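# Structural description and commentary
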Amino acid sequence: APSEKNGVAMAQSSSNMDCKLQCHGSAPCVFGIADFTEHPLGADGNPLEIHASTSQGGMHCSCPHGWTGLTCNRIFETCDGNHKCYNGGRCIPGLQDH
């Protein structure tokens, strides 16, 4: 069951080992590999730098909508369709990629 330690959400695996990642906000630390497939790839076809690492010691943080990254420390905004803005970028209604 999740618990909270110093304002950081924590979870336990079935073997009762503490998940030790420092997750931002109220995101719980979970065991496994993060799934960033809903996020776009970079121009080179590889994951964005913020999605390059999918686990640390077999752990990652389960981010609420609008947050991403291994520890949920990156905010993003979803625009029309599948476009996402990162690093403080904002969606502009009616603007399309060409």
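Quick caveat: nothing in here was measured; it's all calculated off a predicted structure.

Each value, and the rule that gives it
- Residues numbered from 1 in each chain as written.
- Predicted model: local features only at pLDDT ≥ 70, side-chain atom pairs only at ≥ 80, totals over all residues.
- Heavy atoms only, no water.
- Core = buried A, V, L, I, M, F, W, Y, C linked by side-chain atoms within 4.5 Å.
- Buried < 20%, exposed > 50% of the residue type's maximum accessible area, 1.4 Å probe, protein only.
- Contact = heavy atoms within 4.5 Å.
- Pairing = 2+ DSSP bridges.
- Helix = DSSP H or I, 4+ residues; strand = E, 2+ residues; numbered from the N terminus.

Moving on: the nonpolar core. Cys-19, Leu-21, Cys-23, Ala-27, Cys-29, Met-59, Cys-61, Leu-70 and Cys-72 together form the largest nonpolar core, which totals nine residues. Aside from chain neighbours lying at most four places away, what touches Met-59 is Asp-18, Cys-19, Lys-20, Leu-21, Cys-29, Val-30, Phe-31, Gly-32 and Leu-70.

Turning our eyes to something else, we now look at the sheet that holds strand 6 (residues 74–78). Read across the sheet, three strands follow the order 5-6-7 without closing on themselves; strand pairing throughout is antiparallel. Every other strand in the sheet has two partners, leaving strand 5 (67–68) and strand 7 (84–86) as the edge strands with one partner each. In this sheet, strand 6 lies alongside strand 5 in antiparallel orientation, the contact comprising two bridges. Across the sheet, Thr-68 pairs through a bridge with Arg-74, a residue of strand 6.

Fair warning: the whole summary comes from geometry, so function is off the table for now.
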